[in-house]
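Structural overview
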Amino acid sequence: MTHDFSDIRRAAEERFGAACVPRGGEAFSLVLPDMTASFAPIPGAPALVLVRTRVLDTNGLSRKGGLALAALEGNFFWSGTNGATLSLGEDGALWLTERRPVEELSAPGGLGACLDELAGTAAAWRERGSLHE
């Protein structure tokens with residue numbers, strides 16, 4: 001059976017209820033106690049989903065450059081990011097972004113596994129960020 005982005009959104013709404021918040025178009029966010037994860041279809045790539053979470057605010061860090069270098073190293077072959085990419089946003093936040101296959105997220109337990117991995121990676125980078133305060 002072939003799945004599409006609407007299947008993921010429907011599964012998220014069923015599992016997370018009010019924590020599933022529309023973000024315009026088909027995109028939605030899951031506002032969870034430890035993080036907010038955003039999901040969006042990728043134009044021109046119907047088999048993939050963009051997943052993103054805010055890791056930490058770098059504006060209060062005294063050694064922001066050190067964290068930026070660590071993030072670059074973590075992005076090298078995704079060695080420190082579990083397949084995601086770290087970036088510094090215009091808002092001063094460190095963001096974790098990845099592309100996941102629709103079929104993976106649509107599979108039983110797929111959405112939960114994605115959230116667990118994303119939360120674990122984000123927590124590890126929050127801890128790394130504390131080394132640069």
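See the structure printed just above.
What you see is a predicted model, and the numbers here were worked out from it, not measured in a lab.

A word on the overall build of the protein chain
- For the protein chain, the count of helices and strands is four helices and six strands.
- Listing the helices and strands of the protein chain from first to last along the sequence gives α-β-β-β-β-α-β-β-α-α.
- Since a compact globule built from 133 residues should have a radius of gyration of about 14 Å, the 15 Å found for the protein chain is in line with a globular shape.
- If you line up the protein chain on its principal axes, its C-alpha atoms span 50 × 30 × 25 Å.
- When the 133 residues of the protein chain are sorted by exposure, 40% land in the buried category.
- In the protein chain, 55% of the contacts between residues at least 6 apart in sequence involve partners at least 24 apart.
- Counting every atom, the protein chain has about 7,400 Å² of accessible surface; 56% of that belongs to carbon and sulfur.
- Between the centroid of the 12 positive side chains of the protein chain and the centroid of its 17 negative side chains there is a distance of 5 Å.

Quick look at the nonpolar core
- Core analysis: the biggest nonpolar cluster contains 31 residues, and Leu-30 and Phe-39 have the highest contact counts within it.
- Secondary structure elements with two or more residues in this core: α1 (5-16), β2 (28-31), β3 (36-42), β4 (45-57), α2 (64-75), β6 (93-101), α3 (102-106) and α4 (110-130).
- If we ignore the near neighbours within four places in the chain, the residues touching Phe-39 are Phe-5, Ala-27, Phe-28, Leu-30, Val-49, Leu-50, Val-51, Leu-105, Leu-111, Cys-114 and Leu-115.

Focus on α2
- Relative to the 16 Å expected for twelve residues at 1.5 Å per residue, α2 spans 17 Å between its end C-alpha atoms, a close match to the ideal helical length.
- Buried within α2 we find Leu-67, Ala-70, Ala-71, Gly-74 and Asn-75. Along α2, the residues classed as buried sweep out an arc of 140 degrees about the axis, all on the same side. In this structure, α2 carries Leu-69, Leu-72 and Glu-73 as exposed residues pointing more than 90 degrees from its buried face.
- Along its buried surface, α2 packs onto β4, β5 (85-88), β6 and α4.

Concerning the pairing of β6
- β6 sits mainly inside the fold: seven of its nine residues count as buried.
- By the bridge criterion, nine bridges tie β4 to β6 in an arrangement that is antiparallel. Looking at the pairing, Thr-53 lines up with Leu-96 of β6.
- With four bridges joining them, β5 and β6 adopt antiparallel strand pairing.

The rules behind each value
- Residues numbered from 1 in each chain as written.
- Predicted model: local features only at pLDDT ≥ 70, side-chain atom pairs only at ≥ 80, totals over all residues.
- Heavy atoms only, no water.
- Helix = DSSP H or I, 4+ residues; strand = E, 2+ residues; numbered from the N terminus.
- Rg over C-alpha atoms; globule rule 2.2 N^0.38 Å.
- Buried < 20%, exposed > 50% of the residue type's maximum accessible area, 1.4 Å probe, protein only.
- Contact = heavy atoms within 4.5 Å.
- Areas by Shrake-Rupley, 256 points an atom, 1.4 Å probe, with all protein chains shown as cover.
- Lys, Arg positive; Asp, Glu negative; His and termini not counted.
- Charge placed at Lys NZ, Arg CZ, Asp CG, Glu CD.
- Core = buried A, V, L, I, M, F, W, Y, C linked by side-chain atoms within 4.5 Å.
- Expected span 1.5 Å × (residues − 1).
- Arc of directions from axis to C-beta.
- Pairing = 2+ DSSP bridges.

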